[in-house]
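Inside the fold
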Amino acid sequence: MDALICDNLVKGKAVFDEEISQELEECSEEDIRIVYDMVKALVKSLAKRQH
């Protein structure tokens, strides 16, 4: 049930964390490095927009 309404839950982060982990299981090491670089850049961009 949490997965269905995770956008509306305060604890939805745990659901998303698990889903992201499942998606990454099928990635190669190179793919994971690319995803990491993209996430890092996105988080940096989001932080700049909040200030």
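All values derive from a computational prediction rather than experimental measurement. (Residues numbered from 1 in each chain as written. Predicted model: local features only at pLDDT ≥ 70, side-chain atom pairs only at ≥ 80, totals over all residues. Heavy atoms only, no water.)

**A short note on the overall build of the chain**
Basically, it comes down to this: Here a helix means four or more residues in a row that DSSP labels H or I, a strand means two or more in a row labelled E, and each is numbered from the N terminus. For each residue, the accessible area found with a 1.4 Å probe, counting protein chains only, is set against the maximum for its type, and the residue is called buried under 20%, exposed over 50%, and partly exposed in between. All accessible-area figures derive from a Shrake-Rupley calculation using a 1.4 Å probe, and residue coverage is judged against the displayed protein chains alone.
Scanning the chain from N- to C-terminus turns up 2 helices and 0 strands. In the chain, which comprises 51 residues, the proportion classed as buried is 6%. When the accessible area of the chain is evaluated, it comes to approximately 5000 Å², of which 57% is carbon and sulfur surface.

**Regarding a nonpolar patch on the surface**
Short version of the rule: Residues with no salt bridge and a relative accessible area higher than 30% make up the patches, which join like charges within 9 Å and nonpolar side chains (Val, Leu, Ile, Met, Phe, Trp, Tyr) within 5 Å. The rule for a salt bridge is simple: a side-chain nitrogen of Lys or Arg has to be within 4 Å of a carboxyl oxygen of Asp or Glu.
Together, V35, V39 and V43 line one region of the surface with nonpolar side chains, adding up to about 220 Å² of accessible area. Inspection of the secondary structure assignment puts V35 in helix 2 (residues 29-50).

**Looking at the pattern of salt bridges**
One pass over the structure, following the stated rule, counts 2 salt bridges. The residue D17 makes a salt bridge to K13 at a minimum N-O spacing of 2.9 Å. Note that D17 and K13 are positioned in helix 1 (residues 12-24) at a spacing of 4 residues, about one turn of the helix. Here K13 falls in the exposed class, since its relative accessible area comes to 57%. Ionic pairing is found between E29 and R33, a salt bridge with its closest N-O pair at 2.8 Å. Taken together, the positions of E29 and R33, both in helix 2 and 4 residues apart, correspond to about one turn of that helix. The two residues E29 and R33 agree in class, both being exposed.

It is worth stressing that arrangement in space is one thing and function is another; only the former is reported here.
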